Amino acid sequence: MSTHPMKLLTIIAEALVRERIEKLLAEEGAKGFTVFNVEGHGEGGRRTGEIGEYANVQIEAVVKPEVAARLLDRLQESYFDKYGIIVYETDVRVLRPHKF
Amino acid sequence: MSTHPMKLLTIIAEALVRERIEKLLAEEGAKGFTVFNVEGHGEGGRRTGEIGEYANVQIEAVVKPEVAARLLDRLQESYFDKYGIIVYETDVRVLRPHKF
Amino acid sequence: MSTHPMKLLTIIAEALVRERIEKLLAEEGAKGFTVFNVEGHGEGGRRTGEIGEYANVQIEAVVKPEVAARLLDRLQESYFDKYGIIVYETDVRVLRPHKF
């Protein structure tokens with residue numbers, strides 16, 4: 001059985017931008033994604049710069065490499081400065097590439 | 001300190017097949033796994049083909065590469081067509097390989 | 001757009017050691033982390049050795065490789081034998097390395 005390379009895109013964001021990120025994923029061709037309710041701890045994007053603890057979501061999507069690249073671009077342009085979201089990508093392998 | 005290669009197997013499925021997947025993991029030699037309650041968004045396996053949103057689980061297991069291969073085979077045979085589950089594997093590294 | 005290598009450190013532990021692990025992450029230079037409430041299934045660290053099911057946390061932190069190495073060392077020294085925690089690292093890529 002052969003496996004095929006894909007990218008797992010992981011986005012950690014405040015709940016308030018969740019819907020916009022989901023819309024972006026769909027626009028760029030992600031066929032599915034998973035949402036986790038998490039506690040995010042970090043420097044956040046808060047004005048005061050204090051370490052914050054607040055309700056976040058982690059959104060994960062397995063996508064084709066070119067979709068991951070477009071999403072990274074658009075997330076960087078639109079959300080990084082304003083909302084302090086965290087994004088990273090991971091190499092993963094799947095069995096049925098046409099599903100992604 | 002040296003680390004050792006393992007596979008992280010990630011399975012996203014509807015809650016109704018959760019127990020069967022957990023049984024499969026144990027049968028094939030996974031020594032442990034973690035279950036997350038998540039929202040899955042995607043094409044699903046629904047008759048109508050509409051984009052669905054429903055309670056899913058994400059199950060993660062760190063296993064030896066040969067265990068991952070057997071699990072991918074069996075999940076493909078038994079669950080992919082019927083239940084539209086998503087499975088992918090990721091290379092990870094651990095400290096204590098005998099634990100996996 | 002270029003991406004930069006980081007390590008994702010994943011720690012699965014019983015809730016009772018959560019605060020100590022969070023403190024360790026901060027001490028060694030992790031700038032943020034995410035906490036998931038999960039069900040952990042496995043051999044656990046219980047006296048009786050039975051397969052256990054109990055409330056666990058999964059803690060994830062994206063950190064510089066040298067921070068990951070220090071954290072693995074310290075987690076191994078202090079927690080592995082006593083608490084049966086699971087730790088693994090994954091190669092990931094980020095856009096803004098100064099954030100990690």
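Residues numbered from 1 in each chain as written. Chains lettered and ligands numbered in written order. Predicted model: local features only at pLDDT ≥ 70, side-chain atom pairs only at ≥ 80, totals over all residues. Heavy atoms only, no water.

## Description of the packing of aromatic side chains
Logical step 1: Under the definition given, this model contains three aromatic pairs over all chains.
Logical step 2: On the basis of an interplanar angle of 90° and a centroid distance of 5.5 Å, the ring pair of phenylalanine 36 of chain A and phenylalanine 36 of chain B is categorised as edge-to-face. Note that phenylalanine 36 of chain A is positioned in strand β2 (residues 33-42) and phenylalanine 36 of chain B in strand β2 (residues 32-42), a pairing that runs across two chains. Taken as a pair, phenylalanine 36 of chain A and phenylalanine 36 of chain B share a single burial class, namely buried.
Logical step 3: In this structure an aromatic cluster arises from ring pairing among Phe36 of chain A, Phe36 of chain B together with Phe36 of chain C. (Phe/Tyr/Trp six-rings, centres within 6.5 Å; stacked < 30°, edge-to-face > 60°. Helix = DSSP H or I, 4+ residues; strand = E, 2+ residues; numbered from the N terminus. Buried < 20%, exposed > 50% of the residue type's maximum accessible area, 1.4 Å probe, protein only.)

## A short note on the relation of the copies chain C and chain A
Logical step 1: Between chain C and chain A, which share one sequence, the superposing operator has a rotation angle of 120° and an axial displacement of 0.0 Å; the RMSD is 0.0 Å. Classification of the inter-copy transformation places it as that of a three-fold axis.
Logical step 2: Comparing interface residues between copies, only 10% of those in chain C also lie at the interface in chain A; the contact surfaces differ. (Least-squares fit on C-alpha atoms with pLDDT ≥ 70 in both. Contact = heavy atoms within 4.5 Å.)

## Things to note about the interface of chain C and chain A
Logical step 1: Across the boundary between the two partners, chain C contributes 20 residues, which contact 21 residues of chain A.
Logical step 2: For the pair chain C and chain A, the summed buried area comes to about 1700 Å², and 57% of that belongs to carbon and sulfur atoms.
Logical step 3: Linking chain C with chain A are one salt bridge, by the criterion used here.
Logical step 4: The shortest N-O distance in the salt bridge between arginine 18 of chain C and glutamate 39 of chain A comes to 2.6 Å.
Logical step 5: Taken together, the connections running from chain C to chain A amount to six residue pairs in polar contact (both at pLDDT 80 or more).
Logical step 6: For the side of chain C that touches chain A, the secondary structure elements donating two or more residues are β2 (33-42), β3 (52-63) and β4 (86-94) of chain C.
Logical step 7: It is β4 of chain C that contributes the most residues to the side of chain C that touches chain A, five residues altogether.
Logical step 8: Here the residues of the side of chain C that touches chain A are counted per class, giving 10 nonpolar, four polar and six charged.
Logical step 9: Of the pairings in the sheet, the one linking β2 of chain A to β2 of chain C comprises three bridges and is antiparallel in character. (Buried area = accessible area lost by both parts, 1.4 Å probe. Salt bridge = Lys/Arg side-chain N within 4 Å of Asp/Glu carboxyl O. Polar contact = N/O pair within 3.5 Å; in protein donor to acceptor, adjacent residues only side chain to side chain. Nonpolar A, V, L, I, M, F, W, Y, C, P; charged D, E, K, R; others polar. Pairing = 2+ DSSP bridges.)

The values reported here are purely geometric and, on their own, carry no functional implication.
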